[in-house]
There are 2 protein chains.
Amino acid sequence: MSQSIIGKLEALHPLPEEDKKLLHAVVGRGKTLKAGDDIVREGDHTDVVHVIIEGHGFRYKTLPDGKRQIIGYLVPGDFCDLYGFLFDRMDHGMAARTQCRIAQLTEEHVLMLTSRPALARALWWSELVNGSILREWLVNMGRRTPSARVAHILCELLVRLQVVGQATADSFKLELSQNELGDTVGLTTVSVNRALQRLRGAGLISQSGREITIPDVAALKAFADFDPGYLHFRQDREERP
Amino acid sequence: MSQSIIGKLEALHPLPEEDKKLLHAVVGRGKTLKAGDDIVREGDHTDVVHVIIEGHGFRYKTLPDGKRQIIGYLVPGDFCDLYGFLFDRMDHGMAARTQCRIAQLTEEHVLMLTSRPALARALWWSELVNGSILREWLVNMGRRTPSARVAHILCELLVRLQVVGQATADSFKLELSQNELGDTVGLTTVSVNRALQRLRGAGLISQSGREITIPDVAALKAFADFDPGYLHFRQDREERP
DNA sequence: CGGAGGTTTGAGCAGCCTCAATGCTCGTGG
DNA sequence: CCACGAGCATTGAGGCTGCTCAAACCTCCG
């Protein structure tokens, strides 16, 4: 299913067939990491670019007192540290939260990809979108209620997973513990649990294990104040007049 | 004082003299905005790149209920929306918080600049640093106490303003109201006020109007858990063994 | 069967937010 | 020179709610 690495980029920018082939060839099969493994540790130097082929991960920072903040999710197609080799040390860590297949590209590989205009554009775009997501998360943590924060993340996951073919129109598998969800939105596990209960109580979501179903997507989006514009997907752009 | 637009970039990457000249020539004198003016509004389309020559601004998003979240500060030397013309609409607004001089570069101008390797590198670097700051802010809001949050922002401002020659070793002028500080770190004005009082009470800062003095910079940094690594300044890189 | 990791629940407290009023500072106009 | 107003800083009271601490339960999986 390494098809999904294309999905993420094509959602942002169309790619010629030969670019897709090049991408597959350069990325290859990748190496396998198991859930919980670090992809890159905080403070490490790295001179390769990691690409998620399969599986899910996240970026995080830890504080001296052991608290952790998750600062981004990694999905198939993500170039985790594009141009990150410019920095001599990583200012945050990245970890696999499910089993992952990950490619490690050298600078030459990256140059090969970015010499293709459409690919370069898609990668640029994806970097810009990463920044945009970060800004939206800031809004989420700073200015929304706990329930709305959790609802907002669920909306984002629904949309982002749809793009890589891992969600239906109204459901997806949440690959995160409530603890990790809390580390994402700045709440404790207990508060996340109660926020989810409120969402269930309001009929905005239903859960069976980690399978999340959203009976009325528009209602959840409204509740969460979720506007997918910040994800800058092509489909949104083309729907507009 | 348009010297400071160089300061910001040179703090990240050294520039040849001719690149600096080119930068000055392209940027020019810019146009003047008064405090409170919008540089770009949320949802606008823009096909120019705004560069802050002089003055301070911020990026923000507003919520349906009128709440506001500040998602970044703009200082002299910032290319506010580099490559932002790739997007068809801004997902956030930018406003001047003091009087500003602002240049508007066309795509050709930008191409002229990025065809110089050192400049391209410096601009890339500065984009990466913007992302890094965003991640640190996320940690700040999600996982630090109100006092530490405010202290952290003060540390960041001290360091960032030093780079553009607008702060001494231990003091700077805070160009933000307590309301704006609150919109930055996810607190109310009242809580910011009380956080500042605690910092003053602990002897970590002293204030005279909006002039902030930090008697013991190391102590404030320790209290705030501030590690300037995320700003990726050259000076930090070169100090390391 | 046992254990680990994750979810759920309860009680109690600290602290952030809301609401509201009072000062303070500085620039403007009389 | 002073009165005035706008914008910002500061203070107080009170309620809500997110956090802490702790325990129980549930679900896989070896």
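Everything numeric in this text was worked out from a predicted model, so none of it was measured. (Residues numbered from 1 in each chain as written. Chains lettered and ligands numbered in written order. Predicted model: local features only at pLDDT ≥ 70, side-chain atom pairs only at ≥ 80, totals over all residues. Heavy atoms only, no water.)

### What to know about the relation of the copies chain A and chain B
Quick reminder of the rule: Residues below a pLDDT of 70 in either copy are left out; the C-alpha atoms of the rest, at least 70 in both, set the least-squares superposition of the copies. Residues are treated as being in contact if the distance between any of their heavy atoms lies within 4.5 Å.
By a simple turn and slide, chain A fits onto chain B: the slide is 0.0 Å along the axis, the RMSD is 0.0 Å, and the turn is 180°. Taken together, the turn and the small shift mark the pair as related by a two-fold rotation axis. A share of 100% of interface residues in chain A that are also interface residues in chain B marks the association as one of identical surfaces.

### Focus: the pattern of salt bridges
Condition: Salt bridge criterion: a side-chain nitrogen from Lys or Arg within 4 Å of a carboxyl oxygen from Asp or Glu. Put simply, DSSP H or I for four residues or longer makes a helix, DSSP E for two residues or longer makes a strand, and each gets a number counted from the N terminus. With a 1.4 Å probe rolled over the protein chains alone, any residue whose accessible area is under 20% of its type maximum counts as buried; one over 50% counts as exposed, and the rest are partly exposed.
For the coordinates displayed, the defined rule picks out 30 salt bridges over all chains. Residue A:R116 is joined to A:D19 by a salt bridge in which the shortest nitrogen-to-oxygen separation is 3.0 Å. One end of the pair, A:R116, is in the loop between α3 (107-114) and α4 (117-143); the other, A:D19, is in helix α2 (residues 17-27), and 97 residues separate them in sequence. Taking the relative accessible area as the measure of exposure, A:R116 reaches 27% and is therefore partly exposed. You can call A:D19 buried: its relative accessible area is 3%. As a salt-bridge pair, B:K20 and B:E10 come within 3.3 Å of each other at their nearest N and O atoms. With B:K20 in helix α2 (residues 17-27) and B:E10 in helix α1 (residues 4-10), this pair connects stretches of sequence that are 10 residues apart. Residue B:K20 shares its accessibility class with B:E10, and that shared class is buried.

### Regarding the protein's contact with DNA strand D
Cut-off, in case you're wondering: The nearness test applies per residue and asks whether one of its heavy atoms lies within 4 Å of the molecule or strand. Throughout this description, a polar contact denotes any pair of N or O atoms lying within 3.5 Å of each other; where both atoms belong to protein, one of them has to be capable of donating a hydrogen while the other can accept it, and for residues adjacent in sequence the pair is counted only when both atoms sit in side chains. For this scheme, ten residues count as nonpolar: Ala, Val, Leu, Ile, Met, Phe, Trp, Tyr, Cys and Pro. Four count as charged, namely Asp, Glu, Lys and Arg, and the remainder, Gly too, count as polar.
The local shell around DNA strand D holds 15 residues, among which A:S191, B:Q178, B:N193, B:R194 and B:Q197 are the closest. Restricting the count to atoms of DNA strand D within 4 Å of the protein gives a sugar and phosphate share of 74%. A:T188 is positioned with one of its side-chain polar atoms (N or O) 3.2 Å from a phosphate oxygen of DNA strand D. With respect to DNA strand D, the side chain of B:Q178 contributes an N or O atom lying 2.6 Å from a phosphate oxygen. Looking at the surface near DNA strand D, the elements that each hand over two or more residues are α7 (189-201) of chain A together with α7 (189-201) of chain B. The element contributing the most residues to the surface near DNA strand D is α7(B), with 5 residues. Each residue belonging to the surface near DNA strand D can be placed in one class, and the counts come to 4 nonpolar, 7 polar and 4 charged.

### Details of the nonpolar core
As a reminder of what qualifies: What makes a nonpolar core is a set of buried Ala, Val, Leu, Ile, Met, Phe, Trp, Tyr and Cys residues whose side-chain atoms join them at distances within 4.5 Å.
Ranked by internal contacts, the top residues of the largest apolar core, which has 152 residues, are A:F79, A:F172, B:F79 and B:F172. Residue contacts for B:F79: discarding those within four places in its chain leaves B:L9, B:L23, B:V49, B:H50, B:V51, B:L105, B:L113, B:L123 and B:E127.

### Looking at the interface of chain A and chain B
To be explicit about the condition: The buried area of a pairing is the accessible area, by a 1.4 Å probe, that goes missing from both parts when the two are put together, added over both.
On the chain B side, the residues contacting the 41 residues of chain A number 41 residues. Of the roughly 4300 Å² buried between chain A and chain B on both sides combined, carbon and sulfur atoms contribute 68%. Of all residues in chain A, the largest losses of buried area upon contact with chain B belong to A:W124, A:L138 and A:R143, amounting jointly to 20% of the total for that side. If you look at where chain A meets chain B, you find 6 salt bridges. Taken together, chain A and chain B are joined by 18 residue pairs in polar contact (both at pLDDT 80 or more). Elements supplying a minimum of two residues to the side of chain A that touches chain B: β5 (68-74), α4 and α6 (178-185) of chain A. It is α4(A) that contributes the most residues to the side of chain A that touches chain B, 16 residues altogether. For the side of chain A that touches chain B, the class distribution of residues is 18 nonpolar, 8 polar and 15 charged.

### Quick word on the packing of α2(B) against helix α3 (residues 107-114) of chain B
All names here are of chain B. Which entries qualify depends on this criterion: Every axis in this analysis is a line fitted to C-alpha atoms, fitted for helices over the stretch in contact. Angles between the N-to-C directions lie between 0 and 180 degrees. Each angle gets one of four labels, with under 35 degrees taken as roughly parallel, over 145 as roughly antiparallel, 65 to 115 as roughly perpendicular, and the rest as oblique.
Look at α2 against α3: their axes get within 10 Å of each other, and the N-to-C directions meet at 175°. Taken together, the axis directions place α2 and α3 in an arrangement best described as roughly antiparallel. In contact with L22, L23 and V26 of α2, α3 contributes H109, M112 and L113. Classifying every residue of the contact of α2 with α3 gives 5 nonpolar, 1 polar and no charged.

### Considering the pairing of strand β7 (residues 100-105) of chain B
Residue and element names in this part refer to chain B. So the rule is basically this: The criterion for strand pairing is that DSSP finds at least two bridges linking the strands in question.
Counting buried positions along β7 gives 5 out of 6 residues, so the element sits mostly inside the fold. In this sheet, β7 lies alongside strand β1 (residues 31-33) in antiparallel orientation, the contact comprising 3 bridges. Bridge pairing links T32 to R101 in β7. Here strand β3 (residues 49-54) runs beside β7; their pairing, made up of 5 bridges, is antiparallel.

### Examining the sheet that holds β7(B)
All names here are of chain B. The 3 strands lie next to each other as β1-β7-β3, forming an open sheet whose pairing is antiparallel. Because the sheet does not close on itself, it has two edges, and the strands there are β1 and β3. Averaged over neighbouring strand pairs, the angle between their axes works out to 40° when direction is ignored.

### Some points on the protein's contact with DNA strand C
In the vicinity of DNA strand C, 14 residues are found, and the nearest of them are A:Q178, A:N193, A:R194, A:Q197 and B:S191. For DNA strand C, the backbone portion of the atoms within 4 Å of the protein, that is sugar and phosphate, comes to 70%. Note that a sugar or linking oxygen of DNA strand C is positioned 3.4 Å from one of the side-chain N or O atoms of A:R210. B:S191 is positioned with one of its side-chain polar atoms (N or O) 2.2 Å from a phosphate oxygen of DNA strand C. Contributing elements (two or more residues each) for the surface near DNA strand C: α7 of chain A together with α7 of chain B.

### A few points about the UniProt feature "domain: HTH crp-type" (unreviewed entry) in chain A
Here is the rule we go by: UniProt positions are given in the numbering used here, feature names are shortened, and annotations may be inferred rather than shown by experiment.
Residues annotated in UniProt with the feature "domain: HTH crp-type" (unreviewed entry) correspond here to residues 144-218 of chain A. Taken end to end, residues 144-218 of chain A comprises 55% helix and 12% strand; its first and last C-alpha atoms sit 18 Å apart.

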